[in-house]
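What follows is the residue order along each chain.
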2 protein chains.
Amino acid sequence: MLTNNEIKTIRSLKDKKFRDGLGLFVVEGEKMVGEALNSSLEVVAVHRVEEIGEAAMAKISHLTTPSPVLAVVKIPSEPVPGSLRGLSVALDSVRDPGNMGTIIRLSDWFGVSCIFCSPDCVDPYNPKVVQATMGAIFRKKIIFCDIPVLCRRFRSEGMPVYGTFLDGNDIYRSELKSEGLIVMGNESNGISPAVAAEVDARLLIPSFGGSQAESLNVAVATAVTLSEFKRRG
Amino acid sequence: MLTNNEIKTIRSLKDKKFRDGLGLFVVEGEKMVGEALNSSLEVVAVHRVEEIGEAAMAKISHLTTPSPVLAVVKIPSEPVPGSLRGLSVALDSVRDPGNMGTIIRLSDWFGVSCIFCSPDCVDPYNPKVVQATMGAIFRKKIIFCDIPVLCRRFRSEGMPVYGTFLDGNDIYRSELKSEGLIVMGNESNGISPAVAAEVDARLLIPSFGGSQAESLNVAVATAVTLSEFKRRG
C-alpha cells in the first residue's frame, strides 16, 4: 500500500522542480525497471501493480497507459571526471525531450565516454527523455557543466573540440581524432557564439543530390557524426 | 470569412479517414506554407489569421498554438515510377510520426530518389509528420506500395535490395552500390519476414566500446545508413 503522501511525492516528480529538489526520478515498465536495478544507480523504491493496486498505479504513473511496475531512482550527481579520455559529446541548449533521449541512446550505441549538457538543456530525467533512452540513461554519464570551460579543458589536455556548423568543412574529408569533444547545438539556433568561439574544427555533414533541405535534426546529425568518427576508429 | 462547413472540413483533416476521403492535408506556419506554394503540390486554399480572425484560426488549426497561416494541400497520388534509378528507401511498417517525419527530412538531405512505404506505415500526411519534415514532404516522392513486390522489381532491374538487421554484416566493411533500395523496419519488430526474404544484403550498424545497447532508433539507423552509402558516392 502507498500512503497519500507517497503518491503525492511520486506524482510531483513529473515536474523538474520537484525532481531537482528531491533528487529523484521515475522509471516505468518491466524492462526499464530491470535495467535500473541492474545499473549502478540507486533504486529507492519499486512499486508493482499487484501490490499497490491499479488505482494507485494510475495515480503515480507518468504514462497515459500505466505499466505494471514503476521505480523511483536517485538522480546521480556526476562531477566533470578527472580524465577526459575518449570521445565525448557536449549538448549546447538541446531543448527537445525526444532529441535528448535519442542522443543518449545513440551515444550509448556508439560508445561515447560522457554526455555533457549545458545548464539550459532539457532535463534528461524528464519522463519522456528517460523512456526514449531505452535504458541508456542508466549506463551513460550525463554531466551538467559550463560548456565553454569544458572546451578549454579538452584543449588544455591536447584533445580537439569539434562542432557541426552549416558552414563547416565536409566531415567525410576532415581529419577526425579518436579522442576529443563533439559539440552539438540547439534545434533552432545551432551552437551558441560563446561555445562556437571554443571550437577548433568546424564540421559539416554535406547534403547530396542538390537537396534544398536547410538542416538536419540534431539527433540525426549527432548519429551521422558519431558514426563517422567511430568507423575510422 | 470561413463558413461553418469549411471549418468542419478543415478540422476533419486531423483524421486519416477524412484526409484519405478528401485527398487533402493541412500545412501550418509561414515557412511551411511558403514551401507548399513553391512546390509542385496543389495548394487548394490558404487561410490567414488577419482574414479569418483568431477564433476561426483556433478552430481549424491542428497545433496547440495556432500559427498565423494555414494551407489546405492536395495529397499527391504517386504511382511507382517507371525508372527506379538512384538510391531509394523503403519503410516497412514504420509507425511513429516523429520517425516518419525525421526519415522524410533526412532522405531529402541525403538526396534519396523515392521513399516507398508499406500500407501499414503511419500516414505521412498526419500533421505531426508534416511539421517534422520541415518542408521535405513537398520535395520528396512518397509512394505507398507492396514492399516485397517492389524489392523484386529492383532486383529484376539489376539493383540490390539492402536491409538493416541486428545480425547483418558490418556496414562499414560491406560493398555498397550507389543505386538500389534500402529497407528499414518497424520500431519494435524490425523488417517483417516477407520483406526480409527479399533482401539481398543484410547490413548491421555495429556498436562500439562494448555497448550494451540493444538497438538504434529507426530514424537514426536510416541516417547512419544513408550517410555511409552517400559518402562513398
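Residues numbered from 1 in each chain as written. Chains lettered and ligands numbered in written order. Predicted model: local features only at pLDDT ≥ 70, side-chain atom pairs only at ≥ 80, totals over all residues. Heavy atoms only, no water.

How would you sum up the overall build of chain A? Please name residues and give values.
When you go through chain A residue by residue, the secondary structure sums to 10 helices and nine strands. Computed over its C-alpha atoms, the radius of gyration of chain A comes to 19 Å, within 12% of the 17 Å expected for a compact globule of 233 residues. Principal-axis analysis of the C-alpha atoms places the extent of chain A at approximately 60 × 40 × 30 Å. Taking all 233 residues of chain A together, the buried fraction comes to 55%. Sequence separation of 24 or more characterises 80% of the internal contacts of chain A that already satisfy a separation of 6 or more. Per element, the accessible surface of chain A, about 10,200 Å² overall, is 49% carbon and sulfur. Counting 26 positive and 27 negative side-chain charges, chain A places the centres of these two groups 1 Å from one another. (Helix = DSSP H or I, 4+ residues; strand = E, 2+ residues; numbered from the N terminus. Rg over C-alpha atoms; globule rule 2.2 N^0.38 Å. Buried < 20%, exposed > 50% of the residue type's maximum accessible area, 1.4 Å probe, protein only. Contact = heavy atoms within 4.5 Å. Areas by Shrake-Rupley, 256 points an atom, 1.4 Å probe, with all protein chains shown as cover. Lys, Arg positive; Asp, Glu negative; His and termini not counted. Charge placed at Lys NZ, Arg CZ, Asp CG, Glu CD.)

How would you explain the relation of the copies chain B and chain A if you had to name every residue and give the values?
Superposition of chain B onto chain A requires a rotation of 180 degrees combined with a translation of 0.0 Å along the rotation axis, giving an RMSD of 0.0 Å. Interpreted geometrically, this transformation is the action of a two-fold axis. A shared interface surface links the copies, since 100% of the contact residues of chain B are contact residues in chain A too. (Least-squares fit on C-alpha atoms with pLDDT ≥ 70 in both.)

How would you summarise the environment of Glu 50 of chain B if you had to cite specific residues and measurements?
With respect to the helices and strands, Glu 50 of chain B occurs in helix α4 (residues 49-52). When the C-alpha positions of Glu 50 of chain B and Val 69 of chain B are compared, they lie 9.0 Å apart, and in sequence the two are 19 residues distant.

An account of the interface of chain B and chain A is requested, with residue identities and associated values reported.
Facing the 29 residues of chain B at the interface are 30 residues of chain A. Between chain B and chain A lies a buried interface of about 2,800 Å² when both sides are counted; carbon and sulfur atoms form 63% of it. Of all residues in chain B, Arg 105, Trp 109 and Phe 208 of chain B bury the most surface against chain A, accounting for 27% of the area lost on that side. Summed over the shared surface of chain B and chain A, the number is four salt bridges. Two residues, Lys 31 of chain A and Glu 214 of chain B, come together in a salt bridge whose shortest N-O distance is 3.1 Å. In this structure, the connection of chain B to chain A is made through 14 residue pairs in polar contact (both at pLDDT 80 or more). Elements that contribute at least two residues to the side of chain B that touches chain A include exactly α6 (97-109) and α10 (218-231) of chain B. Top element by residues in the side of chain B that touches chain A is α10 of chain B. It accounts for seven residues. (Buried area = accessible area lost by both parts, 1.4 Å probe. Salt bridge = Lys/Arg side-chain N within 4 Å of Asp/Glu carboxyl O. Polar contact = N/O pair within 3.5 Å; in protein donor to acceptor, adjacent residues only side chain to side chain.)

I'd love a proper account of the nonpolar core, names of residues and values included.
Membership of the largest hydrophobic core comes to 101 residues, with the highest contact counts inside it found for Leu 91, Phe 110 and Ile 205 of chain A together with Phe 25, Leu 91, Phe 110 and Ile 205 of chain B. Apart from residues lying up to four places away in sequence, Ile 205 of chain A is in contact with Ile 171, Tyr 172, Leu 216, Ala 221, Val 224 and Thr 225 of chain A together with Trp 109 and Phe 110 of chain B. (Core = buried A, V, L, I, M, F, W, Y, C linked by side-chain atoms within 4.5 Å.)

Any details on helix α6 (residues 97-109) of chain A? Residues and values, ideally.
Residues and elements named next belong to chain A. With 13 residues, α6 ought to run about 18 Å at 1.5 Å a step, and its terminal C-alpha atoms sit 19 Å apart, in line with that. The buried fraction of α6 is high, at 12 of 13 residues. All of the buried residues along α6 are Pro 97, Asn 99, Met 100, Gly 101, Thr 102, Ile 103, Ile 104, Arg 105, Leu 106, Ser 107, Asp 108 and Trp 109. The N-capping residue of α6, defined by a side-chain oxygen 3.0 Å from the backbone nitrogen of Gly 98, is Asp 96. With its phi angle positive at about 65 degrees, Gly 111 sits one or two positions after the end of α6. (Expected span 1.5 Å × (residues − 1).)

Give me the pattern of salt bridges: which residues, what numbers.
Where side chains of opposite charge bring their charged atoms close, a pairing between them can arise. If you walk through the whole model with that rule in mind, you get 38 salt bridges over all chains. Between Lys 74 of chain B and Glu 42 of chain B there is a salt bridge, with its nearest N and O atoms 3.6 Å apart. On the criterion of sequence distance, the pair formed by Lys 74 of chain B in strand β3 (residues 69-74) and Glu 42 of chain B in the loop between α3 (30-37) and β2 (43-48) is long-range, its members being 32 residues apart. Exposure remark for Lys 74 of chain B: the relative accessible area of 40% places this residue in the partly exposed category. Look at Glu 42 of chain B and you get partly exposed, because its relative accessible area is 46%. Measuring nitrogen to oxygen at the nearest pair gives 3.5 Å for the salt bridge that ties Glu 175 of chain B to Lys 177 of chain B. Salt bridges linked by common partners bring Glu 228, Arg 231 and Arg 232 of chain A together with Glu 228, Arg 231 and Arg 232 of chain B together as one network.

Pulling in residues and values, what's your account of the packing of α6 of chain B against α10 of chain B?
Residue and element names in this part refer to chain B. In the contact formed by α6 and α10, the axes pass within 9 Å of each other and the chain directions differ by 15 degrees. By the criterion of interaxial angle, the relationship of α6 to α10 is roughly parallel. Relative to α10, α6 is oriented so that their crossing is right-handed. Residues Asn 99, Thr 102, Ile 103, Leu 106 and Ser 107 of α6 lie in contact with α10, whose contacting residues are Val 218, Ala 219, Thr 222, Ala 223 and Leu 226. Considered class by class, the residues forming the contact of α6 with α10 number six nonpolar, four polar and no charged. (Axes fitted to C-alpha atoms, helices over the stretch in contact; angles between N-to-C directions. Parallel < 35°, antiparallel > 145°, perpendicular 65-115°, else oblique. Left-handed = near helix turned anticlockwise from the far one by under 90°. Nonpolar A, V, L, I, M, F, W, Y, C, P; charged D, E, K, R; others polar.)

Provide a residue-level description of the pairing of strand β6 (residues 141-144) of chain B, including the pertinent values.
Both strand β5 (residues 114-117) of chain B and β6 of chain B contribute to a ladder of four bridges, which runs parallel. Bridge pairing in β6 of chain B places Phe 116 of chain B opposite Ile 143 of chain B. (Pairing = 2+ DSSP bridges.)

Any chance you could break down the packing of helix α10 (residues 218-231) of chain A against α10 of chain B for me, citing the residues and the numbers?
Between α10 of chain A and α10 of chain B, whose axes approach to 9 Å, the crossing angle comes to 55 degrees. For the element pair α10 of chain A / α10 of chain B, the angle class is oblique. Both α10 of chain A and α10 of chain B take part in a crossing whose hand is right-handed. Counted together, Val 220, Ala 223, Val 224, Ser 227, Glu 228 and Arg 231 of chain A of α10 of chain A and Val 220, Ala 223, Val 224, Ser 227, Glu 228 and Arg 231 of chain B of α10 of chain B form the full contact between these two elements.

Report on the sheet that holds strand β7 (residues 161-170) of chain A, specifying residues and quantitative values.
Across a sheet, strands are paired by hydrogen bonds formed along the backbone, either parallel or antiparallel in direction. All names here are of chain A. Strand order in the open sheet formed by six strands is β6-β5-β4-β8-β7-β9, with parallel pairing between adjacent strands. Of all the strands in the sheet, the pair left with one neighbour each is β6 (141-144) and β9 (201-204). Averaged over neighbouring strand pairs, the angle between their axes works out to 35 degrees when direction is ignored. Two elements, strand β4 (residues 87-91) and strand β5 (residues 114-117), share three bridges in a ladder whose sense is parallel. Note on β5: the bridge partner recorded for Val 89 is Ile 115. Set on the sheet, α10 makes contact with β4, β7, β8 (180-184) and β9; between it and β8 the angle comes to about 160 degrees.

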